[in-house]
Amino acid sequence: MTNPFDDTDRSYVVLRNSLAEYSLWPVGITVPDGWEVVHEEDSRQACLSYIEEQAA
């Protein structure tokens, strides 16, 4: 079984917490308490690019 966080063919969202930390999160896995979706479902690469843009 592959790790869902490493699957390049899966769709992801980007989460952010109250400390302005970002996380790449697989679609279909429950968003943990304290995190909110800030970039809707997209490819893994698009979500990673979004996180990089926010860090700049």
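Numbering of residues begins from 1 in every chain and follows the order in which that chain's sequence is written. For this predicted model, a pLDDT threshold of at least 70 governs which residues receive local features, and a threshold of 80 or more governs which side-chain atom pairs are given and counted, while totals over whole chains, interfaces and linings are taken from all residues. Only hydrogens and water are removed before side-chain values are computed, so all heavy atoms of the structure are retained for them.

An unreviewed UniProt entry lists the protein under the name MbtH protein, with Streptomyces murinus as the source organism.

**Q** Account for the pattern of salt bridges, with residues named and values stated.
**A** Any Lys or Arg side-chain nitrogen found within 4 Å of a carboxyl oxygen on Asp or Glu counts as a salt bridge. This structure, assessed with the given rule, holds 1 salt bridge. A salt bridge links R16 to E36; its shortest N-O distance comes to 3.5 Å. Note that R16 is positioned in strand β1 (residues 11-17) and E36 in strand β3 (residues 35-43), a separation of 20 residues in sequence. Each helix is a run of H or I in the DSSP string that is no shorter than four residues. Each strand is a run of E no shorter than two, and both are numbered from the N terminus.

**Q** Which residues make up the side chain of H39, and what values do they have?
**A** Checked against the element boundaries, H39 lands in strand β3. Only protein chains enter the area calculation, which uses a 1.4 Å probe; residues under 20% of their type maximum are buried, those over 50% are exposed, and those in between are partly exposed. Taking relative accessible area as the criterion, H39 reaches 18% and is therefore assigned buried. Residues adjacent in sequence count toward polar contacts only when both atoms are side-chain atoms; beyond that, a polar contact is any pair of N or O atoms within 3.5 Å, and within protein one must be able to donate a hydrogen and the other to accept it. A polar atom in the side chain of H39 sits 3.1 Å from the side chain of D42.

**Q** Which residues make up the sheet that holds strand β2 (residues 22-26), and what are the values?
**A** In a beta sheet, neighbouring strands pair by backbone hydrogen bonds and run either parallel or antiparallel. The rule for pairing is simple: two strands pair if DSSP sees at least two bridges between them. The strand order β2-β1-β3 describes an open sheet built from 3 strands, whose pairing is antiparallel. With partners counted over all chains shown, the strands left at the sheet margins are β2 and β3, one partner each. Neighbouring strand axes in the sheet, compared pairwise and without regard to direction, differ in orientation by 30° on average. Where β1 and β2 come together, 5 bridges link them in antiparallel fashion. Across the sheet, residue Y12 finds its bridge partner in β2, namely P26. Residues are treated as being in contact if the distance between any of their heavy atoms lies within 4.5 Å. What counts as an axis is a line fitted to C-alpha atoms, over the stretch in contact for a helix, and the angles between N-to-C directions run from 0 to 180 degrees. Relative to β3, helix α1 (residues 44-55) is tilted by about 135°, and along the sheet it contacts β1, β2 and β3.

**Q** So what's going on with the environment of F5? Residues and values would help.
**A** Relative to the helices and strands, F5 is located in the segment before β1. Note: C-alpha distance between F5 and L24 (19 residues apart in sequence) is 7.7 Å.

**Q** Pulling in residues and values, what's your account of unusual backbone geometry?
**A** Positive phi is not limited to glycine here, since A20 has a value of about 65°. Along the polypeptide, A20 turns up in the loop between β1 and β2.

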